[in-house]
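Structural overview
Each chain is listed here by its residues.
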Amino acid sequence: MKPKPIWSVILWHTLRTGYQDNSTRESGMAAGMGILSGDYSVYGILFAAGAVSYMISTLSGGGGSLLLVPILNFLIGGRATAPVVNLGNLIGEPVRLIMFWKHINWKISKYYVIPAVCGTLLSAWLFSTVRLEWLRLIVGLFLISTVFQYRFGKIKRSFPMTSKWFGPLGFVIGFFSTLIGAVGPVLNPFYLNYGIEKEPMIATKTANSFMVGLVQISSYTALGNLHGKLWVYGFVLGAGASVGNWVGKAYLKKINGTFFRKLVIAVMVISGIILIIDTFS
């Protein structure tokens, strides 16, 4: 039998879930995920975590989402983490886009966005069947290796990078980020080696992430992976992220390029360690 195109699968799931009883769907998704309900302290933790992590993310070119992974895994369960993190990203990014709009490098976006959307659609289709542990381990090891690639921040570039390579890179990042929910720091070495730092890096990554995020959230929703209380968690997280973006930008102006690179590398290594620990915990 000829396999169905992914768009037809998403459409079919959308029509099917649209007629499901909401309580039945929620109970099925929540099973085994340990979602905490009726506890406003969860909302407070999510808001605070979003604010702090995205302030760090603004100062270090990304990594805020990865810092959130172990917190969300504990609060709402591993399978719910990726949809909620990506929803929080999407809610918080318009504030960052407005603040950094003039710094966006549209040449990179031209190569990045379409392949990233393709990777997103493929991984959204596979989301409920793929084991996430080995993906987290691979990403974690790569992030830790960056400290050696840049010799602890002593060199500016570790390999040559051109704009055309952002195409295949976009596909890989779109695929992984939809499954794991946070791989932004993986992009940082490629931006640094392309010669982009500080405001241009943050602006371009945010623009690309926002466009891909629209597809991610649509796919999660259509396939039944984002629903009910998870929407509330994502909006609360995004509200905190918006505050963190604003605070981070105020401090970003005060740091120079050398310190920014060292901060980027430090956050990448910390994010890698968090992913590996989370894999075996």
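Every value quoted in this text rests on a predicted model; they were computed, and no experiment measured them. (Residues numbered from 1 in each chain as written. Predicted model: local features only at pLDDT ≥ 70, side-chain atom pairs only at ≥ 80, totals over all residues. Heavy atoms only, no water.)

**Overview of the overall build of the protein**
When helices and strands are counted, the protein shows 12 helices and 0 strands. A burial count over the protein gives 53% of its 281 residues as buried. When contacts within the protein are restricted to residue pairs at least 6 apart in sequence, long-range pairs at least 24 apart make up 88% of them. When the accessible area of the protein is evaluated, it comes to approximately 12800 Å², of which 69% is carbon and sulfur surface. (Helix = DSSP H or I, 4+ residues; strand = E, 2+ residues; numbered from the N terminus. Buried < 20%, exposed > 50% of the residue type's maximum accessible area, 1.4 Å probe, protein only. Contact = heavy atoms within 4.5 Å. Areas by Shrake-Rupley, 256 points an atom, 1.4 Å probe, with all protein chains shown as cover.)

**A short note on unusual backbone geometry**
Unlike most non-glycine residues, K198 shows phi in positive territory, near 45°. On the basis of relative accessibility, which here comes to 14%, the residue K198 falls in the buried class.

**What to know about the nonpolar core**
Counting residues in hydrophobic clusters, the biggest one holds 46 residues, and the most contacted among them are Y112, V139 and F166. In terms of residues, this core owes the most to one element, helix α8 (residues 166–180), which gives 7 residues. With 23 residues, the next largest nonpolar core counts L46, A49, L90 and Y233 among its residues. (Core = buried A, V, L, I, M, F, W, Y, C linked by side-chain atoms within 4.5 Å.)

**Remarks on the pattern of salt bridges**
For the coordinates displayed, the defined rule picks out 1 salt bridge. A salt bridge links R261 to E197; its shortest N-O distance comes to 2.7 Å. Placement of R261 in helix α12 (residues 257–280) and of E197 in the loop between α9 (184–194) and α10 (198–222) is noted, with a sequence separation of 64 residues between them. Look at E197 and you get partly exposed, because its relative accessible area is 22%. (Salt bridge = Lys/Arg side-chain N within 4 Å of Asp/Glu carboxyl O.)

**As for the packing of aromatic side chains**
Two aromatic rings are characterised by how far apart their centres lie and by the angle between their planes. The tally for this structure, following the rule as stated, stands at 8 aromatic pairs. Geometrically, the ring pair formed by Y40 and Y43 is edge-to-face, given 5.7 Å between the ring centres and 65° between the ring planes. Of this pair, Y40 and Y43 both sit in helix α3 (residues 40–60), 3 residues apart, which is roughly one turn of that helix. Judged by its relative accessible area of 70%, Y40 is exposed. Looking at Y43, the relative accessible area reads 18%, which means it is buried. What links up through ring pairs into an aromatic cluster is the set Y40, Y43 and Y233. In this structure, K249 is placed above the aromatic ring of F100, and the distance from its NZ or CZ to the ring centre is 5.7 Å. (Phe/Tyr/Trp six-rings, centres within 6.5 Å; stacked < 30°, edge-to-face > 60°. Lys NZ or Arg CZ within 6 Å of the ring centre and 35° of its normal.)

**Notes on the packing of helix α5 (residues 78–100) against α10**
At a minimum axis separation of 8 Å, α5 and α10 run at an interaxial angle of 140°. What the angle tells us is that α5 and α10 run oblique. With respect to the hand of their crossing, α5 and α10 are arranged in left-handed fashion. Where α5 abuts α10, its residues A82, P83, N86, L87, L90, E93, P94, R96, L97 and F100 lie against E199, I202, A203, T206, A207, S209, F210, G213, L214, Q216, I217 and Y220. (Axes fitted to C-alpha atoms, helices over the stretch in contact; angles between N-to-C directions. Parallel < 35°, antiparallel > 145°, perpendicular 65-115°, else oblique. Left-handed = near helix turned anticlockwise from the far one by under 90°.)

**Brief notes about helix α4 (residues 64–76)**
Spanning 13 residues, α4 covers 18 Å between terminal C-alpha atoms, matching the ideal 18 Å at 1.5 Å per step. Approximately 35° is the largest bend angle found in α4, and it occurs at P70. Of all 13 residues that make up α4, 10 are buried, and the element is covered over most of its length. Buried residues of α4: G64, S65, L66, L67, L68, V69, L72, N73, L75 and I76, and no others. Positive phi shows up at G77, right after α4, with a value of about 95°. (Expected span 1.5 Å × (residues − 1). Bend = angle between axes of the 7 residues up to and from the residue.)

**Some thoughts on the side chain of N208**
Tracing the backbone through its elements, the reader meets N208 in helix α10. By relative accessible area, which is 1% here, N208 ends up buried. Beyond its immediate sequence surroundings of up to four residues, N208 is in contact with I108, S109, Y112, V113 and Y191.

**Here's the deal with a nonpolar patch on the surface**
A cluster of nonpolar side chains, L122, W125, F171 and V172, forms an exposed patch at the surface whose accessible area comes to about 330 Å². Broken down by secondary-structure element, the contributors of at least two residues to the nonpolar patch are α6 (106–126) and α8. Here F171 shows up in helix α8. With relative accessibility at 35%, the residue F171 sits in the partly exposed group. (Patch = residues over 30% accessible without salt bridge, like charges linked within 9 Å, V, L, I, M, F, W, Y side chains within 5 Å.)

**Describing the confidence of the model for the protein**
Should pLDDT be low for a region, the predicted coordinates there are not to be read in detail. Mean pLDDT for the protein: 80, with 80% of residues reaching 70 or above. Confidence scores differ between elements of the protein, with helix α2 (residues 22–30) showing the lowest mean pLDDT of 39 and helix α11 (residues 229–252) the highest of 93. Counting interchain partners and residues more than four positions distant, the pLDDT-below-50 stretch residues 1–37 has 41 contacts. (pLDDT = per-residue confidence, 0-100.)

**A look at the side chain of T206**
The topology assignment puts T206 in helix α10. Among the polar contacts listed, one links the side chain of T206 to the backbone oxygen of I202, at a separation of 2.6 Å. Sequence-distant contacts of T206, that is, excluding residues within four places in its chain, are made with E93, R96 and L97. (Polar contact = N/O pair within 3.5 Å; in protein donor to acceptor, adjacent residues only side chain to side chain.)

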